[in-house]
Amino acid sequence: MQKQHEKTMDEFKPIEFMRRLSFVGNHVMVFKHSLILKPENVSLFDYVRIDDYSRIEGGAGVILGNNVHFASFSGILGGGKCVIGDHCGVAQGARIITGTERITGYMSAASPMELRDSMRGQITIGRLTFIGSNSVIMPNVTIHDGGVVGAGAVVTKDVAPWTIVAGVPAIKIGEREKL
Ligand SMILES: CC(C)(COP(=O)(O)OP(=O)(O)OC[C@H]1O[C@@H](n2cnc3c(N)ncnc32)[C@H](O)[C@@H]1OP(=O)(O)O)[C@@H](O)C(=O)NCCC(=O)NCCS
């Protein structure tokens, strides 16, 4: 019994790491092989679950509401802000891009800063939303409450409440019953 308990705790980030986060609610699960950069800018509310091999960059601030799930190989990147409401599922491989290099500058992060033209924005994702596998959410997009993003979509524009979008670029393919 004792051994089983130890094995379970070993699957998660150690308490010393969790203390570096800006805020941690109750029953939060951050798996050991996930990567959280700038943890001091990351707030995780109750029942958040971050699976192994996902990558969350704290950037200018990340807030994940209650019951938000990041599946393996999904992530938040780009150095901007990201706010996600309660009960959002981010499926395997989905990428939430909060900032990027612009085409007006050198587009390598390894180039000197004065030659680059990078931007940092904010992505806001409402409650009861779903971000499908391998989709990409582009900077400054808002996905309103109940929005669903299909697998493989590239979302360049805001998603209206309780609307399903899919494709590249993503367009509306349906609506959803309000929960
Ligand atoms: C977008 C999604 C939610 C739509 O579900 P749905 O409303 O039940 O849609 P349907 O299966 O009835 O498909 C409706 C139409 O959209 C198309 N479509 C569905 N998903 C699509 C996608 N991801 N990209 C492009 N087109 C898609 C279908 O081909 C169909 O087109 P048609 O009317 O010309 O035949 C779903 O297909 C999806 O992509 N879910 C994400 C799955 C996922 O990532 N899971 C992760 C593991 S949990």
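Draft legend 1. Representation of the overall build of the protein. A count of helical and extended segments in the protein gives 2 helices and 22 strands. Rg of the C-alpha trace for the protein: 17 Å, near the compact-globule value of 16 Å for 179 residues, within the 12% margin. Within the protein, the fraction of its 179 residues that count as buried is 32%. Pairs at least 24 residues apart make up 17% of the contacts formed inside the protein by residues separated by at least 6 positions.

Draft legend 2. How the structure looks around the pairing of strand β7 (residues 61-64). Of the two faces of β7, the one lined by Val62 and Leu64 is fully buried and the one lined by Gly61 and Ile63 carries no buried residue. With 3 bridges joining them, strand β4 (residues 42-44) and β7 adopt parallel strand pairing. Bridge assignment links Ser43 to a residue of β7, and that residue is Ile63. Alignment of β7 against strand β10 (residues 81-84), held across 4 bridges, turns out to be parallel. Each residue of the ladder has a partner; that of Val62, found in β10, is Cys82.

Draft legend 3. Broad picture of the pairing of strand β22 (residues 171-175). Note: strand β21 (residues 163-166) against β22, 4 bridges, orientation antiparallel. The partner of Thr163 across the bridge, within β22, is Glu175.

Parameters and conventions
Residues numbered from 1 in each chain as written. Predicted model: local features only at pLDDT ≥ 70, side-chain atom pairs only at ≥ 80, totals over all residues. Helix = DSSP H or I, 4+ residues; strand = E, 2+ residues; numbered from the N terminus. Rg over C-alpha atoms; globule rule 2.2 N^0.38 Å. Buried ≥ 20, exposed ≤ 12 C-beta atoms within 10 Å, placed from the backbone. Contact = placed C-beta atoms within 7 Å. Pairing = 2+ DSSP bridges.

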